[in-house]
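Here are the chains, one letter per residue:
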Amino acid sequence: YTSGTCVEESSASLWPIRLFPSPESAGMEFTERMAMAFRTAVTEGIDYVGGLPSVLAGIGETFGQRRAPGSILDRLKNPRAFMRMGRAAMRAKAAGRGMLPKDAFEPIGVIVGGGDSSLFRTRIKETWGRYPLEMFVSTEALLVACQAWDCTSLTFVPTLNFLEFIPEDNSVSNPEDVRTPVR
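Cut-offs applied
- Residues numbered from 1 in each chain as written.
- Predicted model: local features only at pLDDT ≥ 70, side-chain atom pairs only at ≥ 80, totals over all residues.
- Heavy atoms only, no water.
- Pairing = 2+ DSSP bridges.
- Helix = DSSP H or I, 4+ residues; strand = E, 2+ residues; numbered from the N terminus.
- Right-handed = clockwise from strand over helix to strand, strands pointing away.
- Contact = heavy atoms within 4.5 Å.
- Axes fitted to C-alpha atoms, helices over the stretch in contact; angles between N-to-C directions.
- Parallel < 35°, antiparallel > 145°, perpendicular 65-115°, else oblique.
- Left-handed = near helix turned anticlockwise from the far one by under 90°.
- Nonpolar A, V, L, I, M, F, W, Y, C, P; charged D, E, K, R; others polar.
- pLDDT = per-residue confidence, 0-100.
- Core = buried A, V, L, I, M, F, W, Y, C linked by side-chain atoms within 4.5 Å.
- Buried < 20%, exposed > 50% of the residue type's maximum accessible area, 1.4 Å probe, protein only.

A word on the pairing of strand β3 (residues 133-138). Here strand β2 (residues 109-112) runs beside β3; their pairing, made up of two bridges, is parallel. Bridging across to β3, Val-112 finds its partner in Glu-134. The handedness of the β2 to β3 crossover, carried by helix α7 (residues 117-128), is right-handed. Judged from the four bridges that link them, β3 and strand β4 (residues 142-146) form a sheet pairing that is antiparallel.

Laid out in structure tokens, this is it:
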């Protein structure tokens, strides 16, 4: 699967990205992995955010309600994290609302994939500060279609995958062929 190659160490030269949480955290509990990812994001920042639209909307709406993992003293030890979250708190207070991800981060892009993209589009913009780019993805093929930066309709990307199309006439001409498993 293509998505599996993104997290293997041997593919680091093919996919020059840093993932939060990192692949090394695979054996950790989910909450520990998310805490580690949050600490890294607060310290180093985020260029791109990707995920399911409903998850990004949920994170955005509960961002100010979450308590960052670790003690206050741990967070004060890292000046970059302290400055980032201090600025975020001031931005939220000036706007007269709770803290949102857009107060702490300024992502270049927000990338989503899922059938519910249009439902959460406005909420993601309100909380993350950018309209999301929608992609049609799958575990096997990774990227099948994506939006351009103007966020219009999806554009098929035929060069990344080998797709086999069966004419409709062939698929309905012999219904038994459809039900027969491939051996």
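Structure shown, so let's carry the discussion forward.
Right, let's get into the sheet that holds β4. On the basis of which strands lie adjacent, the open sheet formed by five strands has the order β1-β2-β3-β4-β5 and mixed pairing. Each of the sheet's edge strands pairs with one partner strand only, and the pair in question is β1 (48-51) and β5 (155-156). Across the sheet, α7 is in contact with β1, β2 and β3; its angle to β2 comes to roughly 155°.

Our next topic: the packing of helix α3 (residues 53-62) against α7. Think of two packed helices as two axes; the pair is described by the angle between the axes and how far apart they sit. Between α3 and α7, the least distance of the axes is 9 Å, while the angle of their chain directions is 30°. The angle between α3 and α7 falls in the class roughly parallel. Crossing geometry of α3 relative to α7 is assigned as left-handed. Two secondary-structure elements touch here, α3 through Pro-53, Ser-54, Leu-56, Ala-57, Ile-59, Gly-60 and Glu-61 and α7 through Ser-117, Phe-120, Arg-123, Ile-124, Thr-127 and Trp-128. Counted by class, the contact of α3 with α7 contains seven nonpolar, four polar and two charged residues.

Right, let's talk about the confidence of the model for the protein chain for a bit. Overall, the predicted model of the protein chain reaches an average pLDDT of 78, with 73% of residues at or above 70. Taken element by element, the protein chain is modelled with least confidence in helix α1 (residues 2-5), mean pLDDT 52, and with most confidence in helix α6 (residues 101-104), mean pLDDT 93.

A separate point is the nonpolar core. Core analysis: the biggest nonpolar cluster contains 16 residues, and Leu-56, Phe-105, Val-110, Ile-124 and Trp-128 have the highest contact counts within it. Looking at this core element by element, the count peaks at three residues for α7. Once residues within four sequence positions are removed from consideration, Val-110 is found in contact with Val-49, Leu-56, Ile-124, Trp-128, Arg-130, Tyr-131, Pro-132 and Leu-133.

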